[in-house]
Amino acid sequence: MKALTFKRYGKSPEIGFADVPRPTIKADELLVQVHAASVNPIDNMIPTGLFKAVVKFQLPATLGSDLAGVVIEVGNRVTRFKPGDAVFANIFDRGTGSIAEFAVVPESDAALKPANLDFVQAASIPMVGLTSWQALKERIGLRSGQKVFIPAGSGGIGTFAIQLAKWLGAEVGTTTSTGNVELVRSLGADKVVDYKRQEFEAVLRGYDAALGTVRGDSIEKSIGILKAHGKIVSLVGPLDVAFARARRLNLVLTVVFALMSRKIMRLAKKQDVDYSFLFARPDGDQLAQIGNLLETQRIRPVIDKVFPFEQAKQALEYLAQGRSKGKVVVQMR
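Residues numbered from 1 in each chain as written. Predicted model: local features only at pLDDT ≥ 70, side-chain atom pairs only at ≥ 80, totals over all residues. Heavy atoms only, no water.

Draft legend 1. Fine view of helix H8 (residues 251-260). Those residues of H8 that fall on the buried side of the exposure criterion are Leu253, Thr254 and Phe257. Buried residues of H8, seen end-on, are gathered within an arc of 105° and therefore sit on one face of the element. Seen from the buried face of H8, the exposed residues on the opposite side, beyond 90 degrees, are Leu251 and Val252. Residues of H8 that are buried in the fold lie against helix H7 (241-246). For H8, the N-terminal cap is Asn250; the gap from its side-chain oxygen to the backbone nitrogen of Val252 is 3.1 Å. (Buried < 20%, exposed > 50% of the residue type's maximum accessible area, 1.4 Å probe, protein only. Helix = DSSP H or I, 4+ residues; strand = E, 2+ residues; numbered from the N terminus. Arc of directions from axis to C-beta. Contact = heavy atoms within 4.5 Å. Polar contact = N/O pair within 3.5 Å; in protein donor to acceptor, adjacent residues only side chain to side chain.)

Here's what the structure looks like:
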């Protein structure tokens, strides 16, 4: 089958199409004919080797983790799905990829595709949906009446997280550029800071929680707008000791992550704020709940651009520019 792969880690990962064997499935897995796969920032980070010690691939490896498609084969222990079912899933950290003609999906990672979404729309959801769900509902425990800061509101994570936070009853503050102010307001953002005109830390105050979605000093500045006992969940680092322990990483990596997060941990402690790093995990049950929100139109997908399968590499390059409004999707069929 045809798949978008990378051959090595580093500055020259040799990303391109390759003919690879069609995958075989285990007893608890599905073989899915991929109709569409969205791309995420992590897809550009993995070939650099940034997460080589944490996320394991056998090289050459197929890129991508989000998909929507049709089940064509099921393992003999699969009970929830059958051939012909339209599904969507995230297979991040499963050692396989989704930007291919076929993909292997563990039964526990899959959910039925929302009936009101096409495959492109459904493929745009899994990573941003699960990340937002696990950050806002699980890690933060966001409740009605609380205030949450979600920077980069027009990006892939931002466009979903704003809508989820509003469904949870929270007040949402965000940042975006001038041209995207109306977009993020249409998604429910209550306080919108045009970062080209103002610094968010000079405008926002008294927030209960924040997501870290922007690299650089944005996370440190976010701590300053939180109340005492507030929570900040970073999706971009620095990685911390709790993450290393949860992944059962060795002592050397645990020490490295402790050093990497030392500055942010010290600042958080000084402000009486809880900092943690989040790596979203695949979860079919959560994805099914997200699917219900999509079917009832409480949340809608936001898609910036769709690339044909043959231009999957260009989709990653476009995403890397950091200007997309919502998700970037690769369409196979």
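Draft legend 2. Just the sheet that holds strand E4 (residues 61-62), in detail. One open sheet accounts for three strands, arranged E2-E1-E4; its pairing is antiparallel. Bordering the open sheet on either side are strand E2 (16-19) and E4, each of which pairs with just one other strand. Both strand E1 (residues 2-6) and E2 contribute to a ladder of four bridges, which runs antiparallel. Looking at the pairing, Thr5 lines up with Gly16 of E2. (Pairing = 2+ DSSP bridges.)

Draft legend 3. Structural view of the pattern of salt bridges. The tally for this structure, following the rule as stated, stands at 14 salt bridges. A salt bridge links Glu138 to Arg281; its shortest N-O distance comes to 2.8 Å. Of this pair, Glu138 sits in helix H3 (residues 126-140) while Arg281 sits in the loop between strand E14 (274-277) and helix H10 (284-295), and the two are 143 residues apart along the sequence. Arg281 is the salt-bridge partner of Asp283, the closest N and O atoms lying 3.7 Å from each other. The partly exposed category is assigned to Arg281, whose relative accessible area is 36%. Within this structure, Lys7, Arg8 and Glu14 form a network of salt bridges that share partners. (Salt bridge = Lys/Arg side-chain N within 4 Å of Asp/Glu carboxyl O.)

Draft legend 4. Region of the structure containing the side chain of Gln286. Here Gln286 lies in helix H10. If we skip the residues at most four places from it in the chain, Gln286 touches Leu130, Trp133, Gln134, Glu138 and Arg281.

Draft legend 5. Representation of the packing of aromatic side chains in the model. Inspection of every chain in the model, using the stated rule, returns 13 aromatic pairs. Here Phe51 and Phe279 contribute two aromatic rings whose centre-to-centre distance is 5.2 Å and whose plane-to-plane angle is 45°, an arrangement assigned as tilted. Note that Phe51 is positioned in the loop between helix H1 (41-45) and E4 and Phe279 in the loop between E14 and H10, a separation of 228 residues in sequence. On the basis of relative accessible area, Phe51 is assigned to the buried category, the value being 8%. An aromatic cluster is present here, built from Phe51, Phe92, Phe243, Phe257, Phe277 and Phe279 joined pairwise through their rings. (Phe/Tyr/Trp six-rings, centres within 6.5 Å; stacked < 30°, edge-to-face > 60°.)

Draft legend 6. Geometry of the sheet that holds strand E10 (residues 171-176). Strand order in this open sheet of six strands is E11-E10-E9-E12-E13-E14, and the pairing throughout is parallel. Whereas interior strands pair on both sides, the edge strands pair on one side only; in this sheet they are strand E11 (191-194) and E14. Taken pair by pair, the neighbouring strands of this sheet meet at an average axis angle of 15°, ignoring direction. Pairing analysis gives two bridges linking strand E9 (residues 147-150) to strand E12 (residues 207-212), with the strands arranged parallel. The residue bridging Phe149 from the neighbouring strand is Ala210, located in E12. (Axes fitted to C-alpha atoms, helices over the stretch in contact; angles between N-to-C directions.)

Draft legend 7. Molecular detail of empty space enclosed by the protein. Counted according to the given criterion, the structure contains two cavities of 30 Å³ or more. Here the largest cavity defines a volume of roughly 50 Å³. Lining the largest cavity are Ser124, Ile125, Val128, Gly156, Thr159, Phe160, Gln163, Arg300, Pro301, Val302 and Lys327. Ranked by the residues each element gives to the lining of the largest cavity, the list is headed by helix H4 (residues 156-167), at four residues. Class assignment for the residues of the lining of the largest cavity results in five nonpolar, four polar and two charged. Empty space within the second largest cavity amounts to approximately 40 Å³. In terms of lining, the second largest cavity is formed by Asp43, Ile46, Phe57, Thr62, Leu63, Gly64, Ser65, Phe92 and Asp93. (1 Å grid on protein atoms, 1.4 Å probe; cavity = no way out; pocket = protein on both sides within 12 Å on 5 of 7 lines; lining within 4 Å. Points joined across faces, edges and corners; volume = space filled by probe spheres on them. Nonpolar A, V, L, I, M, F, W, Y, C, P; charged D, E, K, R; others polar.)

Draft legend 8. Structural context of the pairing of strand E15 (residues 303-308). Strand direction decides the pairing type here: E15 and strand E16 (residues 327-331), joined by five bridges, are parallel. Bridge pairing in E16 places Lys305 opposite Val328. This β-α-β element, E15 to helix H11 (residues 312-320) to E16, shows right-handed connectivity. (Right-handed = clockwise from strand over helix to strand, strands pointing away.)

Draft legend 9. Quick peek at the pairing of strand E6 (residues 86-90). The element E6 is largely enclosed, with a buried count of four among its five residues. One ladder, built from three bridges, connects E6 with strand E8 (residues 110-112); its direction is antiparallel. When the bridges of E8 are listed, Ala89 appears paired with Ala110.

Draft legend 10. Representation of the nonpolar core. Of all hydrophobic cores here, the largest spans 65 residues; its most connected members are Ile42, Leu67, Ile99, Ile232 and Phe279. The next biggest cluster of nonpolar side chains, apart from the first, holds 44 residues, and it includes Ala123, Ile140, Val184 and Ala189. (Core = buried A, V, L, I, M, F, W, Y, C linked by side-chain atoms within 4.5 Å.)

Draft legend 11. Structural context of the environment of Asn76. Mapped onto the fold, Asn76 is located in the loop between strand E5 (66-74) and E6. The exposure class assigned to Asn76 is exposed, which follows from its relative accessible area of 72%. Between the C-alpha atoms of Asn76 and Ala27, which are 49 residues apart in sequence, the distance is 5.0 Å.

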